[in-house]
Amino acid sequence: MSDDTRAPQPSNGPGGGADAADSVGGAVHQDRKLSHPDEQSEPAMDMHATDDTARIQGVVVQTRADVGDKSEERIADVLRQRFLDIGLDLGDDRIRALAAEVAGS
């Protein structure tokens, strides 16, 4: 086996030296990421549309798990913040009703 097959040759590029694509065995590639059909390339949350009712229910379930044993006022504060975080404006009456529901479970 000659030295030519074992070591990459210098390139004529601006930095000189071996090109990454010239690595032994071709293990290194220059930004040539190939996607596979079963590869997740986007966030999972972007894959499914969710209506507001499902989002509200999800926040209620998570809040119940996180602070369900706290006071209704604390639960309402957490719900307010979480709905603000996801961009839903439910109004104070609805938030208080949901807080009472969480506290009562």
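Here the structure is shown first, and the text comes after it.
Trainee: Now, about the nonpolar core: what can you tell me, with residues and values included?
Mentor: One finds Ile56, Ile75, Leu79, Phe83 and Leu98 to be the most contacted residues of the largest nonpolar core, which totals 14 residues. Looking at this core, the elements that each hand over two or more residues are helix H2 (52–67), helix H3 (72–85) and helix H4 (92–104). Counting residues per element, this core draws most heavily on H3, which supplies five residues. Excluding residues that lie within four positions of it along the chain, Leu79 makes contacts with Val59, Val60, Thr63, Ile95, Leu98 and Ala99.

Trainee: I'd like a description of the side chain of Thr63, backed by residues and values.
Mentor: Looking at the secondary structure, you find Thr63 in helix H2. In this structure, Thr63 is in contact with Gly68, Ile75, Val78, Leu79 and Arg82, ignoring residues within four places of it in sequence.

Trainee: Give me the packing of H2 against H4: which residues, what numbers.
Mentor: Two numbers describe a pair of packed helices, the interaxial angle and the distance between the axes. For the pair H2 and H4, the least separation of the axes is 10 Å and the interaxial angle reads 45°. As far as their axial angle goes, H4 and H2 are oblique. By crossing handedness, the relation of H2 to H4 is classed as right-handed. Contact with H2, carried on its side by Ile56, Val60 and Arg64, involves Arg94, Leu98, Glu101 and Val102 of H4 and no other residues of that element. A breakdown of the residues in the contact of H2 with H4 according to their chemical character gives four nonpolar, no polar and three charged.

Trainee: Got a sec to walk through the environment of Ile95? Specific residues and values, please.
Mentor: Relative to the helices and strands, Ile95 is located in helix H4. Taking the C-alpha atoms as reference, Ile95 lies 9.1 Å from Ile75; in sequence the two are 20 residues apart. Leaving out residues up to four positions away in the same chain, Ile95 has contacts with Ala76, Leu79, Arg80, Phe83 and Leu90.

Trainee: How would you sum up H2? Please name residues and give values.
Mentor: Across its 16 residues, H2 extends 22 Å between first and last C-alpha, which sits within 8% of the 22 Å expected from 1.5 Å per residue. For H2, the set of buried residues is Ile56, Val59, Val60, Thr63 and Val67. Buried residues of H2, viewed axially, fall in a sector of 100°; they line one side. The inward-facing, buried residues of H2 abut H3 and H4.

About the thresholds
Residues numbered from 1 in each chain as written. Predicted model: local features only at pLDDT ≥ 70, side-chain atom pairs only at ≥ 80, totals over all residues. Heavy atoms only, no water. Core = buried A, V, L, I, M, F, W, Y, C linked by side-chain atoms within 4.5 Å. Buried < 20%, exposed > 50% of the residue type's maximum accessible area, 1.4 Å probe, protein only. Helix = DSSP H or I, 4+ residues; strand = E, 2+ residues; numbered from the N terminus. Contact = heavy atoms within 4.5 Å. Axes fitted to C-alpha atoms, helices over the stretch in contact; angles between N-to-C directions. Parallel < 35°, antiparallel > 145°, perpendicular 65-115°, else oblique. Left-handed = near helix turned anticlockwise from the far one by under 90°. Nonpolar A, V, L, I, M, F, W, Y, C, P; charged D, E, K, R; others polar. Expected span 1.5 Å × (residues − 1). Arc of directions from axis to C-beta.

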